[in-house]
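As a plain string of letters, each chain reads:
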Amino acid sequence: WSSDVCSSDLKSPERAAQGDAEQLALTMLSAGGISAGYRGWCHGILAQLAIARGQPEDAVRLAREALPLCQRVPLRYLWVQAQCARALLESGDTRRAQQVTREMLERVDHQGGAGYVEVLVRAVAARVLAAVGDDARAEAQQHEARRQLLLRADRIPQADWRSKYLSAIAEHAALLGAAPPS
């Protein structure tokens, strides 16, 4: 849900949800007895919020804190890598964004997919690859992200929910458009 809450073109309800997500993540981080995987997820949520707020350097730092905590949770690790690659790209560090993207895509190949984070992973990879001029691979990742999105949408039996899934989430709507989200 956090990628839906933290999209970059926020309206008032989304801003409130961001505040709720931030408060929840900070509360969990201050609590004792929380597993490393959940602490990593909290840092990842905070990284995603920093991206949405235009603070990519903070997002990179938070994502880097999250990665070692998520080692035992493969899909969460990929989700955090996607946040890190986005933040690096937005901070102008295309070389490191490309390195994280390469590692991320190798993990997806090794795992045989990326479950619920595959759409995000491939969409971020497409942005990074386009930014470094690897247009053919960027288009291939963009195409696969769209395909994965539509596969998931096809499993939603209610037409109105399916429509919201495809249009109300900014990243999904942009993915179905002519160009990747910037």
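In what follows, the accompanying structure is described. Every value quoted in this text rests on a predicted model; they were computed, and no experiment measured them.

### Quick word on the side chain of His172
Thinking step 1. Looking at the element boundaries, His172 is found in helix α10 (residues 170-176).
Thinking step 2. Excluding residues within four positions of it along the chain, His172 makes contact with Leu149, Tyr165 and Leu166.

### Some words on the packing of helix α6 (residues 94-111) against helix α7 (residues 118-131)
Thinking step 1. Where α6 contacts α7, the two axes come as close as 10 Å, and the packing angle between them is 145°. Of the two possible hands of crossing, α6 and α7 adopt the one that is left-handed. Note on element contacts: α7 touches α6 through Glu118, Val121, Arg122, Val124, Ala125 and Val128, opposite Ala97, Gln98, Thr101, Met104, Leu105 and Val108.
Thinking step 2. A class-by-class count of the residues in the contact of α6 with α7 yields 8 nonpolar, 2 polar and 2 charged.

### A short note on the packing of helix α5 (residues 74-90) against α6
Thinking step 1. Where α5 meets α6, the closest approach of the two axes is 8 Å, and the angle between their N-to-C directions is 160°. Between α5 and α6, the crossing angle belongs to the class labelled roughly antiparallel. Two packed elements cross with a definite hand, and for α5 against α6 that hand is left-handed. Within the contact between the two elements, α5 uses Pro74, Leu75, Tyr77, Leu78, Gln81, Ala82, Cys84, Ala85, Leu88 and Leu89 and α6 uses Thr94, Arg96, Ala97, Val100, Thr101, Glu103, Met104, Arg107, Val108 and Gln111.
Thinking step 2. Tallied by class, the residues present in the contact of α5 with α6 amount to 13 nonpolar, 4 polar and 3 charged.

### A word on the environment of Leu49
Thinking step 1. Within the secondary structure, Leu49 is located in helix α3 (residues 36-52).
Thinking step 2. Taking the relative accessible area as the measure of exposure, Leu49 reaches 1% and is therefore buried.
Thinking step 3. Sequence-wise, Leu49 and Gln83 are 34 residues apart; in three dimensions their C-alpha atoms are separated by 9.8 Å.

### Focus: the packing of aromatic side chains
Thinking step 1. Taken as a whole and assessed by the stated rule, the structure comprises 1 aromatic pair.
Thinking step 2. Looking at Arg76, its charged tip hangs above the ring of Tyr38, at a distance of 5.1 Å from the centre.

### Description of the pattern of salt bridges
Thinking step 1. Across all of its chains, the model carries 6 salt bridges by this definition.
Thinking step 2. With a closest N to O distance of 3.4 Å, Asp134 and Arg137 form a salt bridge.
Thinking step 3. Under the relative-accessibility criterion, Asp134 is labelled partly exposed at 22%.
Thinking step 4. Put simply, Glu144 and Arg147 hold a salt bridge, and the shortest N to O gap is 2.8 Å. With Glu144 and Arg147 both in helix α8 (residues 135-154) and 3 residues apart, the pair spans about one turn of that helix.
Thinking step 5. Judged by its relative accessible area of 39%, Arg147 falls in the partly exposed class.

### A short note on α5
Thinking step 1. When the terminal C-alpha atoms of α5 are compared, their 24 Å separation across 17 residues agrees well with the 24 Å that a helix rising 1.5 Å per residue should span.
Thinking step 2. For α5, the buried fraction is high: 13 of the 17 residues fall into the buried class.
Thinking step 3. Count one or two residues on from α5 and you reach Gly92, which has phi positive near 90°.

### Description of the nonpolar core
Thinking step 1. Counting residues in each nonpolar core, the largest one holds 37 residues, and the members touching the most others are Leu78, Val80, Met104, Val121 and Val124.
Thinking step 2. Of all the secondary-structure elements, those providing two or more residues to this core are α2 (12-30), α3, α4 (56-69), α5, α6 and α7.
Thinking step 3. Top contributing element to this core by residue count: α5, with 9 residues.
Thinking step 4. For Val121, the residues in contact, after removing those within four places along its chain, are Leu78, Ala82, Met104, Leu105 and Val108.
Thinking step 5. Counting residues in hydrophobic clusters, the runner-up holds 7 residues, among them Val119, Leu149, Ala153 and Leu166.

Cut-offs applied
- Residues numbered from 1 in each chain as written.
- Predicted model: local features only at pLDDT ≥ 70, side-chain atom pairs only at ≥ 80, totals over all residues.
- Heavy atoms only, no water.
- Helix = DSSP H or I, 4+ residues; strand = E, 2+ residues; numbered from the N terminus.
- Contact = heavy atoms within 4.5 Å.
- Axes fitted to C-alpha atoms, helices over the stretch in contact; angles between N-to-C directions.
- Left-handed = near helix turned anticlockwise from the far one by under 90°.
- Nonpolar A, V, L, I, M, F, W, Y, C, P; charged D, E, K, R; others polar.
- Parallel < 35°, antiparallel > 145°, perpendicular 65-115°, else oblique.
- Buried < 20%, exposed > 50% of the residue type's maximum accessible area, 1.4 Å probe, protein only.
- Phe/Tyr/Trp six-rings, centres within 6.5 Å; stacked < 30°, edge-to-face > 60°.
- Lys NZ or Arg CZ within 6 Å of the ring centre and 35° of its normal.
- Salt bridge = Lys/Arg side-chain N within 4 Å of Asp/Glu carboxyl O.
- Expected span 1.5 Å × (residues − 1).
- Core = buried A, V, L, I, M, F, W, Y, C linked by side-chain atoms within 4.5 Å.

Coordinates in, geometry out; function isn't part of it.
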